[in-house]
Amino acid sequence: MGSLIPPVLVAEDVVWLRDQEALPTAARVAAASLARRIGFDEPRCAEVALAVSEAATNLRKYAVDGAFLLRTVRTPSDAGLEFVTTDEGPGMADVAYALADGTSTSGTLGIGLGAISRLADFFDLHSLPGRGTVLTARFWTKEAARRFAVQGSPVVEGLTRAITGEDVCGDAWAARRAGVPAEGGGDRRQARTLSSAAPPEAPLGWAQLTGFRRTADGSRHTDDRLYADGSRHRAAAPPGPRAGSGGDEPALLVLFCDGLGHGPLAGRAAQAAVAAFRDSDAQQPDALLMDVHKALRGGRGGAVAVVRIEPAERSVYFCGVGNVSTFVVDPATGTRRSLSSAPGIVGHHLPTLRSVRQELPRDGAVIMHSDGLTERWQATALPGFLEHSPLVAAAQLLREAGVRRDDAGVVVAKGPW
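Residues numbered from 1 in each chain as written. Predicted model: local features only at pLDDT ≥ 70, side-chain atom pairs only at ≥ 80, totals over all residues. Heavy atoms only, no water.

1. Here's the deal with the sheet that holds strand 13 (residues 356-359)
What holds strands together in a sheet is hydrogen bonding between their backbones, with the strands either parallel or antiparallel.
Phase 1: The strand order across the open sheet built from five strands is 7-8-9-10-13, with neighbouring strands paired in antiparallel fashion. Because the sheet does not close on itself, it has two edges, and the strands there are strand 7 (171-177) and strand 13. Strand-to-strand, the axes of this sheet are offset by a mean angle of 20°, without reference to chain direction.
Phase 2: In the sheet, strand 8 (residues 252-259) pairs with strand 9 (residues 302-310) via eight bridges, with the strands oriented antiparallel. (Pairing = 2+ DSSP bridges. Helix = DSSP H or I, 4+ residues; strand = E, 2+ residues; numbered from the N terminus. Axes fitted to C-alpha atoms, helices over the stretch in contact; angles between N-to-C directions.)

Set out below in C-alpha cells:
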C-alpha cells in the first residue's frame, strides 16, 4: 500500500464564547444548531451537544479566564464540527487521572472529560499546571469518521481571534498541497482584485446559531486508547515504517495574512489573500506572494507570508512581506529559527521578492502568527506542546502569547517528517 497523505482541512471560525454564567447553555444550543446545519443526524447532534455542554461546564467550574471556540471544518467531500477551549489556569498536574471517569474535585460525578473523549472522533488536551489548559474535540458523521480513520490527522491547523469589540478578524490562514488544486480553485482561474471581488460570506451569527437574539448590552469512536498526555486519536491503518514520510510526500504550501487595520475591511483583505492563494497555479512562495499582491490591489492590503514545506528534502522555503512572524522549531531541543519578512505592504508597496531556505528538523514544526501574538514565547517554556496536534499547539500559543488589543492568528504545521 502506498503512503497515506493526511488531509488538509479548511477551518471556518464561527464564534468565540467567553466564560460567563450562560456559557454551557449557549454553547450547547449553538453546537446542536450548527451540527444540524452541516448534515449531522439527530443522534450525532445529541452527542455533540452533550460533549460541548460537558466541556463548557468544566470551563465554567474550574477555569480562569476561559474561552470557547466553536467552528466548522471541511474537506471537499465532508463537513465536521470542532471546538477548542482555552483557559489561564489552574491546569492539571495529572491529565490521565483527570480523564478517568469518576474523577472530580468538586463533588460531581466527574464524567465530563472522559465522556468528551469517547464521543469525539478526535480528542486532544495539553495542560500546563499553574498556567492553563487547551482542549479540542472534533466530530464527523459516521461515514466521514471512517475515511479519516484511514487518512490520519491533519498536519496543519490554526486559529484566529478578532480584537475585543469586533466580530470580524483581519487575520487568516490557508494551506494546500503543492501541485494539487485547492477546493474550487479550478473554477476560479480568472484573476481577482479586491475592488471587484464579492465580499466573503459572513460567518453564522449568534441568532442563526442559537435562535436567540443578542441583547443590546452584549449581555464514536473506533479506538478506545487514551494516552497519558490527554490525546485520543483514531487508529489509522499502518502506512509503513514512518507515517507521512518518504520521498513521495507532497510539498505543503501554507499562507498567513494579517489584513491592515481591524474590522470588516481588514477581514475582507485577508479573505481576498486566501482566495488568491487557493486560485493560484504558482507553486513557489515568491510567485504565490506576487499573485496575492495583485489580488489585494485597491484595498487595505496587508502583511503576508508563504511557506513551502518539502519533507523529502528536509527543507522549508519562505517568502514574506510585512509583520508576520515565522519560525521553524525543533521539538527535540526547543530551538526556533526565525524567517524574516521584508518591509512593505502587500497590495500597495512590494519589495523585490526572494524565497529563502531553512532546514526542516526531524518532526519539526513551522509556526506563523500575526503581531496579535508577542514573539516572546519560547518552546522550552511550553513543555510538550509540540507533541500534540497542530490545533492544540496553535491554541496553546494563542493562550500563552495572544493579546486582546489586536486581531490574533496563528497556524502550526507539523508532522512525522
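More follows now that the structure is in view.
2. So, the side chain of Arg-161
Phase 1: Looking at where Arg-161 falls in the secondary structure, it is placed in strand 6 (residues 156-161).
Phase 2: With no salt bridge to any partner, buried Arg-161 finds its closest opposite charge in Glu-88, at an N-O distance of 7.0 Å.
Phase 3: In terms of polar contacts, Arg-161 uses its side chain to reach the backbone carbonyl oxygen of Val-403, at 3.5 Å.
Phase 4: Discounting residues that sit within four places of it in the chain, Arg-161 has contacts with Trp-16, Cys-169, Leu-398, Gly-402, Val-403, Arg-404, Asp-406, Asp-407 and Ala-408. (Buried < 20%, exposed > 50% of the residue type's maximum accessible area, 1.4 Å probe, protein only. Lys, Arg positive; Asp, Glu negative; His and termini not counted. Salt bridge = Lys/Arg side-chain N within 4 Å of Asp/Glu carboxyl O. Polar contact = N/O pair within 3.5 Å; in protein donor to acceptor, adjacent residues only side chain to side chain. Contact = heavy atoms within 4.5 Å.)

3. Digging into the pairing of strand 4 (residues 122-128)
Phase 1: Within strand 4, seven of the seven residues are buried, which leaves the element mostly enclosed by the surrounding structure.
Phase 2: A two-sided burial pattern is seen for strand 4, the buried positions comprising Phe-122, Asp-124, His-126 and Leu-128 on one face and Phe-123, Leu-125 and Ser-127 on the other.
Phase 3: Where strand 4 and strand 5 (residues 132-139) come together, seven bridges link them in antiparallel fashion. Looking at strand 5, one finds that His-126 is bridged to Val-134.

4. Points about the nonpolar core
Phase 1: If you look at the biggest cluster of nonpolar residues, it comprises 33 residues, and the most contacted ones within it are Phe-68, Leu-70, Phe-83, Ile-116, Phe-123 and Phe-139.
Phase 2: Sorting elements by how many residues they give to this core places helix 2 (residues 42-62) first, with seven residues.
Phase 3: Once you skip the residues sitting within four places of it in the chain, Phe-139 turns out to touch Phe-40, Arg-44, Val-48, Ala-51, Gly-80, Leu-81, Phe-83, Leu-119, Ala-120 and Asp-121. (Core = buried A, V, L, I, M, F, W, Y, C linked by side-chain atoms within 4.5 Å.)

5. Observations concerning the side chain of Thr-374
Phase 1: Relative to the elements of secondary structure, Thr-374 occurs in the loop between strand 14 (365-369) and helix 9 (390-401).
Phase 2: With residues up to four places along the chain from it excluded, the contact list for Thr-374 reads His-369, Ala-401 and Val-403.

6. A word on the pattern of salt bridges
Phase 1: Going through the model one piece at a time under the given rule, you end up with 14 salt bridges.
Phase 2: As a salt-bridge pair, Glu-88 and Arg-399 come within 3.2 Å of each other at their nearest N and O atoms.
Phase 3: According to the relative accessible area criterion, Glu-88 is partly exposed, its value standing at 33%.
Phase 4: With relative accessibility at 8%, the residue Arg-399 sits in the buried group.
Phase 5: A salt bridge links Arg-399 to Glu-400; the nearest nitrogen and oxygen atoms lie 2.4 Å apart.
Phase 6: Taking the relative accessible area as the measure of exposure, Glu-400 reaches 32% and is therefore partly exposed.
Phase 7: A single salt-bridge network, built from bridges that share partners, covers Arg-71, Glu-82, Arg-138 and Glu-157.

7. Focus: the packing of helix 7 (residues 263-279) against helix 8 (residues 285-296)
Working note: a packed helix pair is described by the angle between its axes plus the distance between those axes.
Phase 1: Two numbers describe how helix 7 lies on helix 8: the axes approach to 9 Å, and their chain directions differ by 135°. One way to sum up the angle between helix 7 and helix 8 is to call them oblique. Read as a crossing pair, helix 7 and helix 8 show a hand that is right-handed. Facing Ala-269, Ala-272, Ala-273, Ala-276 and Phe-277 of helix 7, the residues of helix 8 in contact are Leu-288, Asp-291, Val-292, Ala-295 and Leu-296.
Phase 2: For the contact of helix 7 with helix 8, the class distribution of residues is nine nonpolar, no polar and one charged. (Parallel < 35°, antiparallel > 145°, perpendicular 65-115°, else oblique. Left-handed = near helix turned anticlockwise from the far one by under 90°. Nonpolar A, V, L, I, M, F, W, Y, C, P; charged D, E, K, R; others polar.)

8. Remarks on empty space enclosed by the protein
Phase 1: Each pocket or cavity is described by its volume, and for the largest cavity that value is around 40 Å³.
Phase 2: What lines the largest cavity is Leu-9, Ala-11, Arg-71, Val-73, Glu-82, Arg-138, Val-156, Glu-157, Gly-158 and Trp-173.
Phase 3: When contributions to the lining of the largest cavity are tallied by element, the ones reaching two or more residues are strand 2 (67-74) and strand 6.
Phase 4: Tallied by class, residues from the lining of the largest cavity come to five nonpolar, one polar and four charged. (1 Å grid on protein atoms, 1.4 Å probe; cavity = no way out; pocket = protein on both sides within 12 Å on 5 of 7 lines; lining within 4 Å. Points joined across faces, edges and corners; volume = space filled by probe spheres on them.)

9. Side note on the environment of Tyr-317
Phase 1: Within the secondary structure layout, Tyr-317 lies in strand 10 (residues 315-321).
Phase 2: Along the backbone, Tyr-317 and Val-306 are 11 residues apart, and their C-alpha atoms lie at a distance of 8.3 Å.
Phase 3: With residues up to four places along the chain from it excluded, the contact list for Tyr-317 reads Pro-285, Val-306, Val-307, Arg-308, Glu-310, Val-356 and Arg-357.
Phase 4: Side chain to side chain, Tyr-317 and Glu-313 meet in a polar contact 3.1 Å long.

10. Observations regarding the packing of helix 2 against helix 4 (residues 112-119)
Phase 1: Where helix 2 contacts helix 4, the two axes come as close as 9 Å, and the packing angle between them is 145°. Here helix 2 and helix 4 pass one another in a crossing that is left-handed. Every residue of helix 4 that contacts helix 2 at Arg-44, Glu-47, Leu-50, Ala-51, Glu-54, Ala-55 and Asn-58 is listed here: Gly-112, Leu-113, Ile-116 and Leu-119.
Phase 2: Residues belonging to the contact of helix 2 with helix 4 are distributed by class as follows: six nonpolar, two polar and three charged.

11. Looking at the sheet that holds strand 11 (residues 325-329)
Phase 1: Sheet architecture is open: five strands sit in the order 6-15-14-11-12, paired in antiparallel fashion. Looking along the sheet, the strands with just one partner apiece sit at the ends: strand 6 and strand 12 (336-339). The sheet shows a mean angle of 15° between the axes of neighbouring strands, taken without regard to direction.
Phase 2: In this structure, strand 11 lies alongside strand 12, joined through four bridges in antiparallel fashion. Residue Phe-327 lies in a different strand from strand 12, and its bridge partner there is Ser-338.
Phase 3: Helix 9 contacts strand 6, strand 14 and strand 15 (408-414) of the sheet and is inclined by roughly 30° relative to strand 6.

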